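Observations on the three-dimensional arrangement
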Amino acid sequence: MKRRNFLRDLAVGGAVLPWGPRVFGGQAAGPAQAPHLAAVEGESPYLITKEAVAALGGMKRFVGRGDKVIIKPNIGWDRTPEMAACTNPEVVKALVELVHDAGAKSVTVIDNTTNQAKRCYVRSGILDAAKAAGASMPYVDETRVKRMALKGEWLKEWDILMDVLEADKIINVPIAKHHSLCRLTMGMKNWLGAIGGARNQLHQKLDQAMVDLTAFFKPALTVLDAYRILVRNGPQGGRVSDTKLVKTVVAGTDPVAVDAMGAAFFDIRPQELLYLKLAQERGLGTFELEKLRVEKRKI
Amino acid sequence: MKKERSKKYRVLQVLRIVSQAGFFGLFLTLFIGAHYTGQDYISSTVQRFFHFDPLLALVTLIAARLVYVSFVFALVTVVATVVLGRIFCGWVCPLGAVHQFFSFAFKKTRFLRPPKEERASPAWKYYILIIILAGALLGLDLAGYLDPFSFLTRSFALSIFPGLAYALAGLKAGFYALGITGAGRSISQLLENWTLNATFIQGFAVGILFLGAIALNAWKERFWCRYLCPTGAFLGLLSRWNVLKLRIDDEKCIKCGLCTQHCETQANPYPNEKWRSGECVYCETCAAICPTAAIGFPLQPAPEKLANVSNVDLSRRKVILTTLLGLAAVPFFRLTPSRKRASLKLIRPPGSLPEDKFLAKCVKCGQCMRACPTNGLQPTLIEAGPEGIYTPMLVPKIGYCEYYCSLCTQVCPTGAIRKQTIEAKNKIKIGSAWVNKSRCIPYVLGKPCIVCEEHCPVSPKAIKLVEVETKLPDGKIAVQKAPVIDLELCTGCGICENKCPIVDDPAIYVTSVGETRSEKNRLLLQVIGETGEPGK
């Protein structure tokens, strides 16, 4: 064991110890008893991310030995973390480490950005964080896409990034933000960064496009970064006053449920979001959180 | 007589080639370095070369009537030239190195067979220099068109590197097709990492001019340096007092004429008294190839006679005539509507000086276009009139102004684009956005879009959404959110135009009106004056 890993594990172990019985109890009981959703609140984005994954039964539940794993944050904008336009770099870092520790063969962090890719990668802080944790972080090559049959209601086919297609497992790591068209952009909207083509034309039926894309991508895990959320002037904000500290991470395997829980941070009821309704009708998950086992923790 | 070439000068010749290669490499490194490196501010770029250029220093000083401190380095070149002659041309200039290399290649391939004696007059570059200086007196900056640094940087930025980027993209596609994904991926990462912009209006024309300048070497060795280069001419005028004078040892000389035949810049080493110190670039070729080692450059601190500076017939009459021609040419460059009324498409980079000062200072080097992360800065063709050809303008359809970027302001060698911090740059308005309601999707099709609003980088957003009713062809009414512009907030960055899904003619577009730098190209009247009194 490397000293760095040891120290890190020590820190994480120390952080989860107060909830030890539940964590280890949950694991002992097996994934069948694991919660559908875990929402962890705390001061450190890094630690709450690790705690949320632990609450779901640990990363080994989602990533197998030798897997090629894609982590897909939202790095769409040339904005620093305090603007809450891109996923928190600490959240990404924690996930990269967990995926590595679960025995993955490779971890790649990637997003098809809106502003200049390099600026987004660097200034979001994600490039440094992901590289430090041992992930590769290539820029999207718009020519390296494959036209895939999505069999969606609206999107019959679209260009998907080869890097994402080649992965064994995908982990979706969106940030919760305001959006003028679909009201909130979270996990389901995040898939627009995993595709190529004329993405701006998807806005003409954005909710449907989000559902069609969600049906295509099958993430092993969705981790919604709601540490600092963007409440106005989304999806890129521009002032710290556009953001709000919620200090929470929501993790789950049901992409609809994760987004539904995220809506609560904006005081929006899930059924108000068209895409959640369409997604539930399509059988992609449920926004009726009361029917799910939700594990809430505070560290 | 014993035939043996001079070892000393052959070594010097090799050193000169090493020096040229070194400076060309430095130029290339600095050139490539002018991009977003991961730091908001970049320090040393190719503009350092420009600051050593006395012609640009002088013309900027005269034309813009402004002292730009960085040009103090040009004094180094001036002093070096006065003392040592045009070593700058022979040992430093990267464009000179390019011409030298191709002259060599053309000679080796026998495309170029230098005559025993060259009769063409090297006077042209002096006339070009005179015209440039005369124009500068009246505020016209023509130096950039033929200045070697401007010419080289512009050619590299607008055509050579874009060509390279295209070639690399082709190679990448080839690798992908062959299944060599790793190599293809490396290329794609390099293209992104170095921001190799590949799309330029006039890219072809600029490239053809550059290749043409290179091809001329097949006709006359270092054609550019001999007949065209105004900087070389300027340095030639300065090199009359230098201490390195060519001397031929009459006892050793066998009058073979090799030195004069192979002189790179037509400095005419033989006969000795006809040697033109103003043309010599100290390439050491003559001394190195002399079969009897008869040629040397001993220290001789005696001033040359003016007639011997170049042995070109720069008679007083010709100088006066070209000066007058240069002055007379100025009005013709100004017969353009862009002086009278602002051109709507002429969106200058943030921090640009007011138009007349900008034109007097911009040396058309294209560095800003190289550094622009979105490829949005493009060479102007007609929008700014004849004196504005190759000056930068933002073409949002190609690329927008990246909100947190001020690279173009940092790499400008003359301060035509004033250096800006990111914070200062964010307060500058370069134009104003307009919605074309007869093309905008919500307005016309009654469908949702809001892509422009989503991308608007200022907070609060300059693009607001209002609900509009659209009568559809079937008579039904659709209600959608549609964009309206708050012109007080709009900076004119053009990302809305760039990202508009109507690709051919975006339904939202930016024009230059309202730009901070102009007092005339105004839009929002300051009805309430700063004192708070109305009507000021």
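Residues numbered from 1 in each chain as written. Chains lettered and ligands numbered in written order. Predicted model: local features only at pLDDT ≥ 70, side-chain atom pairs only at ≥ 80, totals over all residues.

Glancing now at the domain arrangement of chain B. Residues and elements named next belong to chain B. By domain assignment, chain B separates into domain 1 (7-35 + 44-308), domain 2 (341-426) and domain 3 (432-511). Centre-to-centre, using C-alpha coordinates, domain 2 lies 26 Å away from domain 3. Its residues assigned to classes, the side of domain 2 that touches domain 3 shows seven nonpolar, two polar and one charged. (Domains from an automatic or database assignment. Nonpolar A, V, L, I, M, F, W, Y, C, P; charged D, E, K, R; others polar.)

A word on the interface of chain B and chain A. Taken together, the contact pairs 32 residues of chain B with 28 residues of chain A. Broken down by secondary-structure element, the contributors of at least two residues to the side of chain B that touches chain A are helix H9 (148-178), helix H10 (181-193) and helix H23 (451-455) of chain B. Ranked by residues supplied to the side of chain B that touches chain A, first place goes to H10(B) with five residues. For the side of chain B that touches chain A, the per-class residue count stands at 16 nonpolar, seven polar and nine charged. (Contact = placed C-beta atoms within 7 Å. Helix = DSSP H or I, 4+ residues; strand = E, 2+ residues; numbered from the N terminus.)

Residues and elements named next belong to chain A. You can see Tyr46 is positioned in helix H3 (residues 45-55). Between the C-alpha atom of Tyr46 and that of Glu90, which follows or precedes it by 44 residues, the distance is 4.9 Å. In this structure, Tyr46 is in contact with Glu90, Lys93 and Ala94, ignoring residues within four places of it in sequence.

Of all hydrophobic cores here, the largest spans 243 residues; its most connected members are Ile71(A), Leu95(A), Val99(A) and Val249(A). No other element matches helix H7 (residues 124-137) of chain B, which puts 10 residues into this core. Setting aside anything within four residues of it in sequence, one finds Ile71(A) in contact with Val92(A), Leu95(A), Val96(A), Val99(A), Val107(A), Val109(A), Ala135(A), Ile171(A) and Val173(A). (Core = buried A, V, L, I, M, F, W, Y, C linked by C-beta atoms within 7 Å. Buried ≥ 20, exposed ≤ 12 C-beta atoms within 10 Å, placed from the backbone.)

A few words now on helix H3 (residues 54-64) of chain B. All names here are of chain B. Of all the 11 residues making up H3, nine are buried; the element is thus mostly covered by neighbouring parts of the structure. Of the positions making up H3, those classed as buried are Pro54, Leu55, Leu56, Ala57, Val59, Thr60, Ile62, Ala63 and Ala64. Looking at the packing, one finds that the buried side of H3 touches helix H2 (47-51), helix H4 (74-84), H7, helix H8 (143-146), helix H13 (230-238) and helix H18 (355-361). Looking one or two places after H3, you find Arg65, whose phi comes out positive at around 50°.

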